[in-house]
Amino acid sequence: MTPKHSRRNFLKLTVGGASASLLPLPAIAQAAPRVVVVGGGFAGASTARALRKADPRIAITLVETSRIFTACPFSNGVIAGLRELPAQQFGYERISAGGIAVVFASATGVEPQKKTVALSTGQRLDYDRLVVAPGIDIRWDGLPGYDEAVAEQMPHAWKAGEQTLLLRRQLEAMSDGGTVIISAPANPFRCPPGPYERASLIAYYLKTTKPRSKLIVLDAKDQFSKQRLFQNAWAELYPNLEWVGLSKGGKVTSVDVTARTLTTDFGTYKADVANVIPPQKAGRIADLAGVTDRTGWCPIDPATFESRLVPGIHVVGDAAIAGGMPKSAFSANAQAKACAFAVAALLAGRKPAEPKLINTCYSLVAPDYGITVAGVYRPVNGMLTDVEGAGGVSPTDAPHSTRALEAKFADGWFKTITNEVFG
Amino acid sequence: MNAPRFFAAAAFLLAPMIGAMAAAPESPAGASSCSGCHPANTGIDTPIPRLNGRNAAEISEQMKTFRAGQRSATVMGRIAKGFSDDEIEAIAAWYAEQR
(Lines give C-alpha, C1' and ligand atoms only; values in the text may rest on other atoms or scores of the structure.)
Protein backbone atom coordinates (compact mmCIF):
# COMPACT_ATOMS: atom_id res chain seq x y z
CA MET A 1 0.00 0.00 0.00
CA THR A 2 1.48 3.32 -1.02
CA PRO A 3 1.11 6.41 1.15
CA LYS A 4 -0.95 8.01 -1.62
CA HIS A 5 -3.49 5.21 -1.42
CA SER A 6 -3.71 5.18 2.31
CA ARG A 7 -4.20 8.94 2.34
CA ARG A 8 -7.14 8.72 -0.02
CA ASN A 9 -8.68 5.87 1.97
CA PHE A 10 -8.14 7.70 5.21
CA LEU A 11 -9.86 10.83 3.96
CA LYS A 12 -12.76 8.86 2.61
CA LEU A 13 -13.17 7.02 5.86
CA THR A 14 -12.86 10.09 8.01
CA VAL A 15 -15.29 12.21 6.03
CA GLY A 16 -17.68 9.27 5.92
CA GLY A 17 -17.34 8.81 9.65
CA ALA A 18 -17.89 12.48 10.35
CA SER A 19 -20.95 12.44 8.14
CA ALA A 20 -22.49 9.63 10.07
CA SER A 21 -21.91 11.14 13.47
CA LEU A 22 -22.11 14.88 12.89
CA LEU A 23 -23.40 15.62 9.44
CA PRO A 24 -26.10 13.42 8.03
CA LEU A 25 -25.65 13.04 4.28
CA PRO A 26 -28.79 14.97 3.30
CA ALA A 27 -27.38 18.06 5.02
CA ILE A 28 -24.38 17.93 2.69
CA ALA A 29 -26.23 16.87 -0.44
CA GLN A 30 -29.04 19.43 -0.19
CA ALA A 31 -29.17 23.15 0.37
CA ALA A 32 -29.28 24.48 3.92
CA PRO A 33 -32.45 23.54 5.78
CA ARG A 34 -34.97 26.36 6.03
CA VAL A 35 -36.87 27.38 9.11
CA VAL A 36 -39.54 30.08 9.09
CA VAL A 37 -40.54 31.63 12.41
CA VAL A 38 -43.82 33.55 12.44
CA GLY A 39 -44.03 36.11 15.25
CA GLY A 40 -41.24 38.32 16.59
CA GLY A 41 -42.10 38.51 20.28
CA PHE A 42 -40.30 36.87 23.18
CA ALA A 43 -41.14 33.40 21.81
CA GLY A 44 -40.46 33.87 18.11
CA ALA A 45 -37.43 36.16 18.28
CA SER A 46 -35.86 33.92 20.94
CA THR A 47 -36.43 30.85 18.77
CA ALA A 48 -34.82 32.47 15.74
CA ARG A 49 -31.77 33.53 17.73
CA ALA A 50 -31.36 30.24 19.60
CA LEU A 51 -31.67 28.33 16.33
CA ARG A 52 -29.01 30.50 14.72
CA LYS A 53 -26.72 29.71 17.64
CA ALA A 54 -27.59 26.00 17.71
CA ASP A 55 -26.83 25.50 14.03
CA PRO A 56 -25.58 28.37 11.86
CA ARG A 57 -26.16 26.31 8.70
CA ILE A 58 -29.92 26.69 8.98
CA ALA A 59 -31.46 29.47 6.88
CA ILE A 60 -33.84 31.30 9.23
CA THR A 61 -36.55 33.77 8.29
CA LEU A 62 -38.40 35.68 11.00
CA VAL A 63 -41.77 37.07 9.94
CA GLU A 64 -43.15 39.92 12.04
CA THR A 65 -45.81 42.53 11.35
CA SER A 66 -44.38 45.39 13.35
CA ARG A 67 -40.95 47.00 13.00
CA ILE A 68 -40.99 47.88 16.68
CA PHE A 69 -41.74 45.31 19.35
CA THR A 70 -43.50 46.62 22.47
CA ALA A 71 -42.98 44.35 25.46
CA CYS A 72 -45.88 43.56 27.79
CA PRO A 73 -43.82 42.79 30.92
CA PHE A 74 -43.36 46.05 32.86
CA SER A 75 -46.02 47.79 30.72
CA ASN A 76 -48.21 48.03 33.83
CA GLY A 77 -45.55 50.46 35.03
CA VAL A 78 -46.23 52.61 31.97
CA ILE A 79 -49.96 52.62 32.74
CA ALA A 80 -49.21 53.79 36.29
CA GLY A 81 -46.83 56.52 35.08
CA LEU A 82 -43.75 54.85 36.56
CA ARG A 83 -41.95 54.43 33.21
CA GLU A 84 -42.34 55.49 29.60
CA LEU A 85 -43.36 53.38 26.61
CA PRO A 86 -40.02 53.66 24.75
CA ALA A 87 -38.44 51.69 27.62
CA GLN A 88 -40.69 48.82 26.46
CA GLN A 89 -39.74 49.05 22.79
CA PHE A 90 -37.17 47.12 20.80
CA GLY A 91 -36.19 46.87 17.14
CA TYR A 92 -35.01 43.95 15.04
CA GLU A 93 -31.72 45.43 13.79
CA ARG A 94 -29.49 43.27 15.96
CA ILE A 95 -31.43 40.10 15.10
CA SER A 96 -31.08 40.92 11.44
CA ALA A 97 -27.37 41.68 11.85
CA GLY A 98 -26.95 38.23 13.40
CA GLY A 99 -27.74 36.53 10.09
CA ILE A 100 -31.50 36.06 10.42
CA ALA A 101 -33.66 37.26 7.53
CA VAL A 102 -36.32 39.50 9.10
CA VAL A 103 -39.38 40.07 6.91
CA PHE A 104 -41.89 42.73 7.99
CA ALA A 105 -45.23 41.35 6.83
CA SER A 106 -48.08 39.39 8.25
CA ALA A 107 -48.43 35.71 7.57
CA THR A 108 -51.77 35.16 5.86
CA GLY A 109 -51.79 31.41 5.42
CA VAL A 110 -49.88 28.15 5.73
CA GLU A 111 -49.95 25.14 3.45
CA PRO A 112 -48.54 22.30 5.56
CA GLN A 113 -48.47 19.84 2.61
CA LYS A 114 -46.47 22.17 0.40
CA LYS A 115 -44.61 23.53 3.43
CA THR A 116 -45.11 27.16 2.50
CA VAL A 117 -46.17 30.28 4.35
CA ALA A 118 -48.02 33.01 2.46
CA LEU A 119 -47.32 36.62 3.40
CA SER A 120 -49.39 39.80 3.10
CA THR A 121 -46.80 41.02 0.59
CA GLY A 122 -47.73 38.20 -1.79
CA GLN A 123 -44.42 36.50 -1.10
CA ARG A 124 -44.31 32.78 -0.30
CA LEU A 125 -41.73 31.26 2.01
CA ASP A 126 -40.78 27.59 1.78
CA TYR A 127 -39.83 25.85 4.99
CA ASP A 128 -38.53 22.53 6.20
CA ARG A 129 -39.86 23.35 9.67
CA LEU A 130 -42.17 26.17 10.69
CA VAL A 131 -42.30 27.76 14.13
CA VAL A 132 -45.53 29.56 14.98
CA ALA A 133 -45.21 32.09 17.80
CA PRO A 134 -48.08 34.55 17.35
CA GLY A 135 -48.87 35.25 20.99
CA ILE A 136 -52.50 36.01 21.72
CA ASP A 137 -55.49 37.44 19.95
CA ILE A 138 -58.48 38.91 21.73
CA ARG A 139 -61.70 36.86 21.43
CA TRP A 140 -63.82 39.68 20.12
CA ASP A 141 -66.87 37.44 20.38
CA GLY A 142 -66.03 36.49 23.97
CA LEU A 143 -67.77 39.25 25.94
CA PRO A 144 -71.12 40.77 24.88
CA GLY A 145 -70.81 44.49 24.24
CA TYR A 146 -67.03 44.41 23.83
CA ASP A 147 -65.49 44.72 20.37
CA GLU A 148 -62.59 46.47 18.66
CA ALA A 149 -64.40 49.82 18.56
CA VAL A 150 -65.33 49.61 22.24
CA ALA A 151 -61.70 48.80 23.09
CA GLU A 152 -60.87 52.35 21.96
CA GLN A 153 -62.92 53.57 24.92
CA MET A 154 -62.60 50.69 27.36
CA PRO A 155 -59.01 49.60 26.66
CA HIS A 156 -57.81 46.07 27.25
CA ALA A 157 -54.15 47.11 27.21
CA TRP A 158 -53.32 43.40 27.00
CA LYS A 159 -51.17 43.93 23.93
CA ALA A 160 -48.71 46.65 24.79
CA GLY A 161 -48.52 49.84 22.73
CA GLU A 162 -51.29 52.33 21.93
CA GLN A 163 -53.70 50.51 24.25
CA THR A 164 -51.23 50.92 27.12
CA LEU A 165 -51.02 54.67 26.52
CA LEU A 166 -54.78 54.98 26.14
CA LEU A 167 -55.42 53.45 29.56
CA ARG A 168 -52.76 55.69 31.08
CA ARG A 169 -54.31 58.82 29.54
CA GLN A 170 -57.74 57.84 30.84
CA LEU A 171 -56.37 57.41 34.36
CA GLU A 172 -54.56 60.75 34.12
CA ALA A 173 -57.75 62.45 32.91
CA MET A 174 -59.94 60.97 35.64
CA SER A 175 -60.75 63.30 38.51
CA ASP A 176 -59.94 62.43 42.10
CA GLY A 177 -62.79 60.43 43.58
CA GLY A 178 -63.42 58.41 40.40
CA THR A 179 -63.92 54.68 40.09
CA VAL A 180 -61.58 52.48 38.07
CA ILE A 181 -62.74 48.97 37.19
CA ILE A 182 -60.58 46.14 35.93
CA SER A 183 -62.31 43.08 34.52
CA ALA A 184 -60.13 39.94 34.73
CA PRO A 185 -60.87 36.90 32.55
CA ALA A 186 -61.17 33.19 33.33
CA ASN A 187 -58.15 30.94 32.72
CA PRO A 188 -56.20 30.51 30.55
CA PHE A 189 -54.93 33.92 29.47
CA ARG A 190 -51.65 35.75 28.89
CA CYS A 191 -49.70 36.57 32.08
CA PRO A 192 -51.72 35.04 34.96
CA PRO A 193 -50.48 37.53 37.60
CA GLY A 194 -50.78 40.46 35.17
CA PRO A 195 -54.26 41.76 36.11
CA TYR A 196 -53.26 41.82 39.79
CA GLU A 197 -49.95 43.55 39.21
CA ARG A 198 -51.88 46.08 37.12
CA ALA A 199 -54.46 46.54 39.90
CA SER A 200 -51.60 47.07 42.38
CA LEU A 201 -49.78 49.66 40.28
CA ILE A 202 -52.98 51.54 39.36
CA ALA A 203 -53.85 51.52 43.08
CA TYR A 204 -50.37 52.94 43.75
CA TYR A 205 -50.99 55.68 41.17
CA LEU A 206 -54.38 56.51 42.69
CA LYS A 207 -53.04 56.48 46.24
CA THR A 208 -50.23 58.88 45.37
CA THR A 209 -52.10 61.22 43.01
CA LYS A 210 -55.89 60.73 43.42
CA PRO A 211 -56.36 59.33 46.92
CA ARG A 212 -60.16 59.64 47.07
CA SER A 213 -60.51 57.31 44.07
CA LYS A 214 -61.51 53.68 44.17
CA LEU A 215 -60.39 50.58 42.25
CA ILE A 216 -62.56 47.50 41.81
CA VAL A 217 -61.31 44.26 40.25
CA LEU A 218 -64.16 42.14 38.88
CA ASP A 219 -62.83 38.63 38.43
CA ALA A 220 -64.16 35.60 36.58
CA LYS A 221 -62.13 33.41 38.98
CA ASP A 222 -61.99 32.72 42.70
CA GLN A 223 -58.28 31.83 42.63
CA PHE A 224 -55.44 33.64 40.93
CA SER A 225 -51.65 33.66 40.71
CA LYS A 226 -49.78 34.80 43.87
CA GLN A 227 -53.19 35.50 45.42
CA ARG A 228 -52.19 35.47 49.08
CA LEU A 229 -49.19 37.71 48.40
CA PHE A 230 -51.23 40.21 46.40
CA GLN A 231 -54.10 40.27 48.87
CA ASN A 232 -51.81 40.70 51.88
CA ALA A 233 -50.06 43.58 50.14
CA TRP A 234 -53.37 45.20 49.15
CA ALA A 235 -54.61 45.01 52.75
CA GLU A 236 -51.40 46.70 53.86
CA LEU A 237 -51.01 49.29 51.09
CA TYR A 238 -54.25 49.87 49.20
CA PRO A 239 -57.43 50.08 51.30
CA ASN A 240 -59.28 51.53 48.28
CA LEU A 241 -58.73 48.39 46.19
CA GLU A 242 -61.64 45.96 46.23
CA TRP A 243 -61.41 42.51 44.61
CA VAL A 244 -64.64 40.70 43.73
CA GLY A 245 -64.16 37.03 42.88
CA LEU A 246 -66.39 34.72 40.84
CA SER A 247 -68.38 33.38 43.79
CA LYS A 248 -69.15 36.95 44.94
CA GLY A 249 -70.46 37.85 41.50
CA GLY A 250 -67.21 39.07 39.96
CA LYS A 251 -67.62 37.59 36.50
CA VAL A 252 -68.39 40.31 33.96
CA THR A 253 -71.03 39.05 31.53
CA SER A 254 -71.47 42.16 29.39
CA VAL A 255 -70.30 45.76 29.05
CA ASP A 256 -72.15 48.87 27.91
CA VAL A 257 -69.78 51.43 26.49
CA THR A 258 -72.36 54.24 26.29
CA ALA A 259 -73.42 53.90 29.92
CA ARG A 260 -69.81 53.05 30.93
CA THR A 261 -71.05 50.06 32.89
CA LEU A 262 -69.95 46.47 33.42
CA THR A 263 -72.60 43.92 34.30
CA THR A 264 -72.06 40.78 36.34
CA ASP A 265 -74.47 38.06 37.42
CA PHE A 266 -75.00 40.00 40.66
CA GLY A 267 -75.20 43.63 39.55
CA THR A 268 -74.01 46.52 37.44
CA TYR A 269 -70.93 48.63 38.12
CA LYS A 270 -70.37 52.12 36.75
CA ALA A 271 -66.80 52.98 35.82
CA ASP A 272 -65.04 56.26 35.18
CA VAL A 273 -62.22 54.22 33.70
CA ALA A 274 -62.86 50.63 32.60
CA ASN A 275 -60.01 48.28 31.77
CA VAL A 276 -61.58 45.19 30.24
CA ILE A 277 -59.16 42.28 29.97
CA PRO A 278 -61.19 40.04 27.66
CA PRO A 279 -60.98 36.31 26.94
CA GLN A 280 -58.14 35.36 24.59
CA LYS A 281 -56.95 32.71 22.14
CA ALA A 282 -53.84 31.88 20.13
CA GLY A 283 -52.91 34.46 17.49
CA ARG A 284 -54.73 34.13 14.18
CA ILE A 285 -51.99 32.47 12.14
CA ALA A 286 -52.14 29.47 14.48
CA ASP A 287 -55.76 28.99 13.48
CA LEU A 288 -54.94 29.45 9.78
CA ALA A 289 -52.15 26.87 10.08
CA GLY A 290 -54.59 24.41 11.63
CA VAL A 291 -52.64 24.02 14.87
CA THR A 292 -55.34 25.25 17.30
CA ASP A 293 -57.81 22.87 18.92
CA ARG A 294 -61.34 23.62 20.12
CA THR A 295 -59.98 25.62 23.08
CA GLY A 296 -58.43 28.13 20.68
CA TRP A 297 -54.92 27.23 21.87
CA CYS A 298 -52.29 24.88 20.41
CA PRO A 299 -51.59 21.36 21.71
CA ILE A 300 -47.90 20.47 21.44
CA ASP A 301 -45.40 17.74 22.13
CA PRO A 302 -43.70 18.85 25.37
CA ALA A 303 -40.21 17.83 24.28
CA THR A 304 -40.11 19.32 20.78
CA PHE A 305 -43.02 21.82 20.83
CA GLU A 306 -44.17 20.24 17.57
CA SER A 307 -47.89 20.58 17.01
CA ARG A 308 -50.01 17.58 17.95
CA LEU A 309 -52.21 18.44 14.99
CA VAL A 310 -49.90 19.31 12.09
CA PRO A 311 -46.45 17.71 11.68
CA GLY A 312 -43.56 20.01 10.81
CA ILE A 313 -45.06 22.99 12.66
CA HIS A 314 -43.87 23.91 16.14
CA VAL A 315 -45.69 26.29 18.51
CA VAL A 316 -44.03 28.23 21.33
CA GLY A 317 -45.04 30.96 23.75
CA ASP A 318 -48.50 32.15 24.77
CA ALA A 319 -50.24 30.34 21.88
CA ALA A 320 -49.10 26.89 23.07
CA ILE A 321 -50.82 24.65 25.60
CA ALA A 322 -47.74 24.19 27.76
CA GLY A 323 -49.21 22.22 30.66
CA GLY A 324 -48.04 23.67 33.96
CA MET A 325 -46.08 26.51 32.36
CA PRO A 326 -47.85 29.87 32.49
CA LYS A 327 -48.18 32.15 29.49
CA SER A 328 -45.29 34.44 30.40
CA ALA A 329 -42.37 36.07 28.61
CA PHE A 330 -39.94 33.99 30.67
CA SER A 331 -41.75 30.78 29.67
CA ALA A 332 -41.85 31.88 26.04
CA ASN A 333 -38.10 32.51 26.03
CA ALA A 334 -37.31 29.21 27.78
CA GLN A 335 -39.62 27.24 25.48
CA ALA A 336 -38.12 28.95 22.45
CA LYS A 337 -34.62 27.79 23.32
CA ALA A 338 -35.78 24.21 23.97
CA CYS A 339 -37.76 24.25 20.72
CA ALA A 340 -34.75 25.59 18.80
CA PHE A 341 -32.56 22.72 20.04
CA ALA A 342 -35.27 20.23 19.06
CA VAL A 343 -35.72 21.75 15.59
CA ALA A 344 -31.96 21.77 15.01
CA ALA A 345 -31.75 18.13 16.11
CA LEU A 346 -34.67 17.04 13.92
CA LEU A 347 -33.24 18.82 10.88
CA ALA A 348 -29.91 17.09 11.45
CA GLY A 349 -31.58 13.71 11.78
CA ARG A 350 -30.80 13.45 15.50
CA LYS A 351 -33.21 12.52 18.28
CA PRO A 352 -34.08 15.63 20.30
CA ALA A 353 -32.96 15.59 23.92
CA GLU A 354 -35.53 15.71 26.70
CA PRO A 355 -35.71 19.31 27.95
CA LYS A 356 -36.16 20.77 31.38
CA LEU A 357 -37.58 24.27 31.60
CA ILE A 358 -37.77 27.04 34.16
CA ASN A 359 -40.24 29.87 34.58
CA THR A 360 -39.97 32.88 36.84
CA CYS A 361 -42.61 35.61 36.92
CA TYR A 362 -41.92 38.85 38.72
CA SER A 363 -44.77 41.15 39.71
CA LEU A 364 -44.54 44.59 41.24
CA VAL A 365 -47.05 45.44 43.95
CA ALA A 366 -45.40 48.86 44.34
CA PRO A 367 -42.23 50.28 42.75
CA ASP A 368 -40.07 48.83 45.54
CA TYR A 369 -42.20 45.79 46.35
CA GLY A 370 -41.67 42.72 44.16
CA ILE A 371 -43.08 39.20 44.43
CA THR A 372 -42.40 36.10 42.36
CA VAL A 373 -43.65 32.73 41.31
CA ALA A 374 -41.17 30.19 39.93
CA GLY A 375 -41.44 26.68 38.56
CA VAL A 376 -39.36 23.90 37.00
CA TYR A 377 -40.99 21.71 34.34
CA ARG A 378 -40.32 18.54 32.40
CA PRO A 379 -42.36 16.38 30.04
CA VAL A 380 -44.42 13.75 31.90
CA ASN A 381 -47.08 11.72 30.08
CA GLY A 382 -47.08 14.10 27.16
CA MET A 383 -47.47 17.30 29.19
CA LEU A 384 -45.03 19.84 30.59
CA THR A 385 -45.41 19.14 34.29
CA ASP A 386 -44.18 20.82 37.46
CA VAL A 387 -41.19 19.06 38.99
CA GLU A 388 -42.45 18.10 42.42
CA GLY A 389 -40.91 19.87 45.38
CA ALA A 390 -39.63 22.74 43.24
CA GLY A 391 -41.11 26.13 42.48
CA GLY A 392 -43.68 28.16 44.35
CA VAL A 393 -44.20 31.76 45.36
CA SER A 394 -42.30 34.24 47.53
CA PRO A 395 -42.78 33.61 51.26
CA THR A 396 -45.81 35.39 52.74
CA ASP A 397 -43.84 36.48 55.81
CA ALA A 398 -40.80 37.94 54.02
CA PRO A 399 -39.39 41.22 55.35
CA HIS A 400 -39.63 44.38 53.28
CA SER A 401 -35.97 44.04 52.34
CA THR A 402 -36.83 40.83 50.43
CA ARG A 403 -39.68 42.57 48.59
CA ALA A 404 -37.30 45.39 47.68
CA LEU A 405 -34.71 42.88 46.46
CA GLU A 406 -37.29 41.09 44.29
CA ALA A 407 -38.26 44.45 42.78
CA LYS A 408 -34.57 45.03 41.90
CA PHE A 409 -34.26 41.53 40.46
CA ALA A 410 -37.41 42.14 38.41
CA ASP A 411 -35.70 45.13 36.82
CA GLY A 412 -32.55 43.06 36.20
CA TRP A 413 -34.61 40.28 34.64
CA PHE A 414 -36.29 42.67 32.20
CA LYS A 415 -32.97 44.14 31.09
CA THR A 416 -31.40 40.70 30.68
CA ILE A 417 -34.19 38.97 28.81
CA THR A 418 -34.76 41.86 26.42
CA ASN A 419 -31.01 41.96 25.79
CA GLU A 420 -30.93 38.24 25.06
CA VAL A 421 -33.88 38.49 22.69
CA PHE A 422 -33.31 41.85 20.95
CA GLY A 423 -29.93 43.27 22.06
CA MET B 1 5.89 9.79 5.22
CA ASN B 2 5.64 8.19 8.60
CA ALA B 3 2.22 7.30 9.85
CA PRO B 4 1.83 9.48 12.99
CA ARG B 5 2.93 12.63 11.17
CA PHE B 6 0.54 11.89 8.33
CA PHE B 7 -2.40 11.37 10.67
CA ALA B 8 -1.63 14.55 12.52
CA ALA B 9 -1.56 16.47 9.24
CA ALA B 10 -4.82 14.94 8.06
CA ALA B 11 -6.54 15.74 11.33
CA PHE B 12 -5.25 19.30 11.10
CA LEU B 13 -6.68 19.69 7.62
CA LEU B 14 -10.03 18.20 8.50
CA ALA B 15 -10.61 19.81 11.87
CA PRO B 16 -11.43 23.32 10.68
CA MET B 17 -13.75 21.99 7.99
CA ILE B 18 -15.76 19.92 10.43
CA GLY B 19 -15.60 22.64 13.06
CA ALA B 20 -17.03 25.29 10.75
CA MET B 21 -19.97 23.14 9.72
CA ALA B 22 -20.87 21.47 12.98
CA ALA B 23 -23.63 22.70 15.24
CA ALA B 24 -22.81 24.11 18.66
CA PRO B 25 -22.88 21.39 21.33
CA GLU B 26 -26.30 21.28 22.92
CA SER B 27 -26.61 22.57 26.46
CA PRO B 28 -27.68 20.11 29.18
CA ALA B 29 -31.34 19.98 30.27
CA GLY B 30 -32.38 23.13 32.08
CA ALA B 31 -29.28 25.19 31.25
CA SER B 32 -30.81 27.28 28.48
CA SER B 33 -33.53 28.66 30.78
CA CYS B 34 -30.98 30.31 33.12
CA SER B 35 -30.04 33.08 30.71
CA GLY B 36 -33.53 34.56 31.08
CA CYS B 37 -32.16 36.13 34.29
CA HIS B 38 -28.40 35.41 34.30
CA PRO B 39 -27.07 37.51 31.44
CA ALA B 40 -25.18 35.71 28.69
CA ASN B 41 -23.87 39.05 27.43
CA THR B 42 -21.70 41.47 29.36
CA GLY B 43 -22.48 45.05 30.25
CA ILE B 44 -26.06 44.60 31.46
CA ASP B 45 -27.00 46.60 34.53
CA THR B 46 -28.39 43.85 36.76
CA PRO B 47 -27.66 42.53 40.25
CA ILE B 48 -28.09 38.95 38.95
CA PRO B 49 -24.65 37.39 38.33
CA ARG B 50 -23.38 36.15 34.98
CA LEU B 51 -22.68 32.39 34.92
CA ASN B 52 -20.57 32.14 31.76
CA GLY B 53 -16.98 31.18 32.44
CA ARG B 54 -17.43 30.76 36.18
CA ASN B 55 -15.80 27.87 37.99
CA ALA B 56 -17.97 24.75 37.63
CA ALA B 57 -17.40 23.57 41.20
CA GLU B 58 -18.42 27.00 42.47
CA ILE B 59 -21.69 27.03 40.47
CA SER B 60 -22.52 23.48 41.63
CA GLU B 61 -21.77 24.34 45.23
CA GLN B 62 -23.98 27.45 45.14
CA MET B 63 -26.86 25.55 43.53
CA LYS B 64 -26.66 22.78 46.12
CA THR B 65 -26.51 25.32 48.94
CA PHE B 66 -29.58 27.07 47.51
CA ARG B 67 -31.34 23.72 47.18
CA ALA B 68 -30.62 22.81 50.80
CA GLY B 69 -31.95 26.18 51.96
CA GLN B 70 -28.54 26.98 53.46
CA ARG B 71 -28.19 30.21 51.56
CA SER B 72 -30.84 32.93 51.64
CA ALA B 73 -32.47 33.33 48.28
CA THR B 74 -35.38 34.85 46.46
CA VAL B 75 -36.15 32.48 43.57
CA MET B 76 -33.01 30.31 43.44
CA GLY B 77 -34.00 28.08 46.36
CA ARG B 78 -37.28 27.28 44.64
CA ILE B 79 -35.58 26.66 41.28
CA ALA B 80 -32.62 24.62 42.59
CA LYS B 81 -35.04 22.14 44.20
CA GLY B 82 -36.04 21.06 40.69
CA PHE B 83 -32.59 19.72 39.81
CA SER B 84 -30.61 16.59 40.78
CA ASP B 85 -26.90 16.57 41.60
CA ASP B 86 -26.12 15.22 38.14
CA GLU B 87 -28.20 17.87 36.43
CA ILE B 88 -26.64 20.65 38.50
CA GLU B 89 -23.13 19.42 37.73
CA ALA B 90 -23.85 19.15 34.00
CA ILE B 91 -25.27 22.68 33.91
CA ALA B 92 -22.32 24.02 35.94
CA ALA B 93 -19.78 22.33 33.67
CA TRP B 94 -21.50 23.72 30.58
CA TYR B 95 -21.62 27.31 31.93
CA ALA B 96 -17.96 27.06 32.92
CA GLU B 97 -17.17 26.45 29.23
CA GLN B 98 -19.24 29.37 27.94
CA ARG B 99 -17.67 32.74 27.28
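What you see is a predicted model, and the numbers here were worked out from it, not measured in a lab.

(A) Highlighting the overall build of chain A. Helix and strand counts for chain A stand at 11 helices and 25 strands. The 423 residues of chain A split such that 57% are buried. Pairs at least 24 apart in sequence give 65% of the contacts found in chain A among residues at least 6 apart.

(B) How the structure looks around the nonpolar core. All names here are of chain A. The biggest cluster of nonpolar side chains holds 132 residues, and the ones touching the most others in it are Val-117, Leu-130, Leu-215, Ile-313 and Trp-413. Residue assignment places this core across two domains, with domain 1 (17-65 + 105-138 + 281-353) and domain 2 (150-278) each supplying three or more. If we skip the residues at most four places from it in the chain, Leu-130 touches Val-36, Val-38, Val-110, Val-117, Gly-312, Ile-313 and His-314. Val-150, Ala-271, Ala-274 and Val-276 belong to the second-largest nonpolar core, a separate cluster that totals 16 residues.

(C) Main features of the packing of aromatic side chains. Residues and elements named next belong to chain A. Scanning all chains against the criterion turns up 18 aromatic pairs over all chains. Summarising the aromatic geometry, the rings of Phe-90 and Phe-422 are spaced 5.5 Å apart at their centres and angled 15° between planes, so their arrangement reads as stacked. Within this pair, whereas Phe-90 is found in strand β4 (residues 89-91), its partner Phe-422 is found in helix α11 (residues 400-422), the two being separated by 332 residues in sequence. The same class applies to Phe-90 and to Phe-422, which are both buried. Ring centres of Trp-140 and Tyr-146 lie 5.8 Å apart, and the angle between their planes is 25°; on these two criteria the pair is classed as stacked. Residue Trp-140 is classed as partly exposed on the basis of its relative accessible area, which comes to 28%. You can call Tyr-146 buried: its relative accessible area is 3%. Here the aromatic cluster, defined as three or more aromatic residues joined through ring pairs, consists of Phe-42, Phe-69, Phe-74, Phe-90, Tyr-92, Phe-104, Tyr-362, Trp-413, Phe-414 and Phe-422. For the cation-ring pair, Arg-83 lies above Phe-414, with the distance from its terminal atom to the ring centre recorded as 5.1 Å. Just above the ring of Trp-297 sits the side chain of Lys-327; from NZ or CZ to the centre is 4.0 Å.

(D) Spatial organisation of helix α7 (residues 194-209) of chain A. Along its 16 residues, α7 of chain A runs 22 Å from first to last C-alpha, staying within 8% of the 22 Å computed at 1.5 Å per residue. Of all the residues in α7 of chain A, the buried ones are Gly-194, Pro-195, Tyr-196, Glu-197, Arg-198, Ala-199, Ser-200, Leu-201, Ile-202, Ala-203, Tyr-205 and Leu-206 of chain A.

(E) Inspection of the confidence of the model for chain B at higher detail. With 76% of its residues at a pLDDT of 70 or more, chain B has an overall mean of 84. Overall, residues 1-21 of chain B carries pLDDT values under 50, and its contacts beyond four positions in sequence, including any with other chains, amount to 15 contacts.

(F) Inspection of the pattern of salt bridges at higher detail. All names here are of chain A. For the structure shown, the criterion picks out 22 salt bridges over all chains. Residues Arg-124 and Glu-111 are paired through a salt bridge, measuring 3.2 Å at the closest nitrogen-oxygen approach. Of this pair, Arg-124 sits in strand β8 (residues 124-126) while Glu-111 sits in strand β6 (residues 107-111), and the two are 13 residues apart along the sequence. Look at Glu-111 and you get partly exposed, because its relative accessible area is 30%.

(G) Examining the pairing of strand β7 (residues 116-119) of chain A more closely. Residues and elements named next belong to chain A. Because side chains alternate across β7, one face comprises the buried residues Thr-116 and Ala-118, and the other comprises Val-117 and Leu-119, equally buried. The pairing of β6 with β7 spans four bridges and is classified as antiparallel. Bridge assignment links Val-110 to a residue of β7, and that residue is Val-117. As consecutive antiparallel partners, β6 and β7 are separated by four residues, and within that stretch Lys-115 has a phi angle of approximately 55°, a positive value. Here β7 runs beside β8; their pairing, made up of three bridges, is antiparallel.

Thresholds, definitions, all that
Residues numbered from 1 in each chain as written. Chains lettered and ligands numbered in written order. Predicted model: local features only at pLDDT ≥ 70, side-chain atom pairs only at ≥ 80, totals over all residues. Heavy atoms only, no water. Helix = DSSP H or I, 4+ residues; strand = E, 2+ residues; numbered from the N terminus. Buried < 20%, exposed > 50% of the residue type's maximum accessible area, 1.4 Å probe, protein only. Contact = heavy atoms within 4.5 Å. Core = buried A, V, L, I, M, F, W, Y, C linked by side-chain atoms within 4.5 Å. Domains from an automatic or database assignment. Phe/Tyr/Trp six-rings, centres within 6.5 Å; stacked < 30°, edge-to-face > 60°. Lys NZ or Arg CZ within 6 Å of the ring centre and 35° of its normal. Expected span 1.5 Å × (residues − 1). pLDDT = per-residue confidence, 0-100. Salt bridge = Lys/Arg side-chain N within 4 Å of Asp/Glu carboxyl O. Pairing = 2+ DSSP bridges.

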